[in-house]
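# Remarks on the overall topology
The chain contents come next:
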Amino acid sequence: MPSNKILAEKQALVADLTEKIKSASAGVLVKYEGITVADDTALRAALRKAGVQYHVKKNSMIGRACEGAGYGDLKQYLTGMTAIAISPEDPVAAAKIMKEYADKVDTFEIKGGFVDGEVLDANGVNELAAIPSKETLIARMLGSLMGPLNSFARLLQAVIDKQGEAAAPAEA
């Protein structure tokens, strides 16, 4: 039986992870097996750069944290070696990075995840990863708004140029 000190430490870790999951916009559970140190280092660097928190914990601890955060359905994916990537702000960042990594390494696979209060299976996480980033979506929207505005500006300039040509011979 664990001592009270160890039990208190574990409870604090679970409480901290629960808060991170509650405040996150999305998260991904992955099978964390058969990866090299170099690959793991590259993965963690990419996650850090995107602002994604990455934790390798015992399944029981992740399960308690998920249950405490309202994602109890994720417990079905907690078998084998599991890691969780939590994205506090960008709902697609964790899914994109994990899918990219899972495509490179055969033994690394996506188990499930969550986004905006909804539990996703592996297919749902892969669909989430296919969504363009926020910056790309904003650029596309601005591009679609600028197209008609540019056409309208060219039309107005053509009218002004035509009126200028018609007025020029009358003055001469």
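About the cut-offs
Residues numbered from 1 in each chain as written. Predicted model: local features only at pLDDT ≥ 70, side-chain atom pairs only at ≥ 80, totals over all residues. Heavy atoms only, no water. Pairing = 2+ DSSP bridges. Helix = DSSP H or I, 4+ residues; strand = E, 2+ residues; numbered from the N terminus. Axes fitted to C-alpha atoms, helices over the stretch in contact; angles between N-to-C directions. Expected span 1.5 Å × (residues − 1). Buried < 20%, exposed > 50% of the residue type's maximum accessible area, 1.4 Å probe, protein only. Arc of directions from axis to C-beta. Core = buried A, V, L, I, M, F, W, Y, C linked by side-chain atoms within 4.5 Å. Contact = heavy atoms within 4.5 Å. Patch = residues over 30% accessible without salt bridge, like charges linked within 9 Å, V, L, I, M, F, W, Y side chains within 5 Å. Areas by Shrake-Rupley, 256 points an atom, 1.4 Å probe, with all protein chains shown as cover. Salt bridge = Lys/Arg side-chain N within 4 Å of Asp/Glu carboxyl O.

## Thoughts on the sheet that holds strand β1 (residues 26-31)
- Read across the sheet, 5 strands follow the order β2-β3-β1-β4-β5 without closing on themselves; strand pairing throughout is antiparallel. Only two strands of the sheet have a single neighbouring strand rather than two, namely β2 (53-56) and β5 (118-121). Neighbour-to-neighbour, the strand axes of the sheet open up by a mean angle of 20°, direction not taken into account.
- Bridge count between β2 and strand β3 (residues 82-87): 4 bridges; the pairing is antiparallel. Of the residues in β3, the one forming a bridge with tyrosine 54 is alanine 85.

## Thoughts on helix α1 (residues 4-23)
- With 20 residues, α1 should reach 28 Å at 1.5 Å per residue; the first-to-last C-alpha distance of 28 Å fits that figure.
- Within the sequence span of α1, burial applies to Val14, Leu17, Thr18 and Ile21. Take α1 and look down its axis: the buried residues cluster within an arc of 105°, on one side only. In this structure, α1 carries Asn4, Lys5 and Ser23 as exposed residues pointing more than 90 degrees from its buried face.

## A few points about unusual backbone geometry
- One non-glycine residue, aspartate 116, lies in the positive phi region at around 45°.
- Inspection of the secondary structure assignment puts aspartate 116 in the loop between β4 (109-115) and β5.
- According to the relative accessible area criterion, aspartate 116 is exposed, its value standing at 65%.

## What about the nonpolar core?
- Residues Val28, Val30, Leu43, Tyr54, Met98 and Phe108 are the most contacted members of the largest nonpolar core, which totals 26 residues.
- Counting residues per element, the ones that place at least two in this core are β1, α2 (37-49), β3, α4 (93-104), β4 and α5 (122-130).
- Sorting elements by how many residues they give to this core places α4 first, with 7 residues.
- With near-sequence residues (within four places) excluded, methionine 98 lies in contact with Val28, Val30, Leu43, Leu47, Tyr54, Ala85, Phe108 and Ile110.
- Counting residues in hydrophobic clusters, the runner-up holds 17 residues, among them Leu17, Ile21, Ala24 and Cys66.

## Let's talk about the pairing of β5
- Pairing of β4 with β5, which is carried by 4 bridges, proceeds in the antiparallel orientation. Its bridge partner lying in β5, glycine 113 is registered against leucine 120.

## Topic: a nonpolar patch on the surface
- A cluster of nonpolar side chains, namely Ile138, Met141, Leu142 and Leu145, defines an oily patch on the protein surface of about 370 Å² accessible area.
- Mapped onto the elements of the fold, leucine 142 is located in helix α6 (residues 134-171).

## Details of the pattern of salt bridges
- Under the defined criterion, the tally for this structure stands at 6 salt bridges.
- Between lysine 99 and aspartate 103 there is a salt bridge, with its nearest N and O atoms 3.1 Å apart. Within this pair, lysine 99 and its partner aspartate 103 are both found in helix α4, separated by 4 residues, close to a single helical turn.
- By relative accessible area, lysine 99 is classed as partly exposed at 26%.
- Between glutamate 100 and lysine 104 there is a salt bridge whose closest N-O contact spans 3.9 Å. Placement of the pair is glutamate 100 and lysine 104 together in helix α4, with a separation of 4 residues, close to one helical turn.
- Since its relative accessible area comes to 61%, lysine 104 is described here as exposed.

## Focus on the side chain of serine 87
- Topologically, serine 87 is positioned in strand β3.
- Accessibility expressed as a relative area gives 1% for serine 87, which makes it buried.
- When residues no more than four places from it in sequence are discounted, the contact partners of serine 87 are Ala24, Ser25, Ala26, Val52, Ala93 and Ala94.

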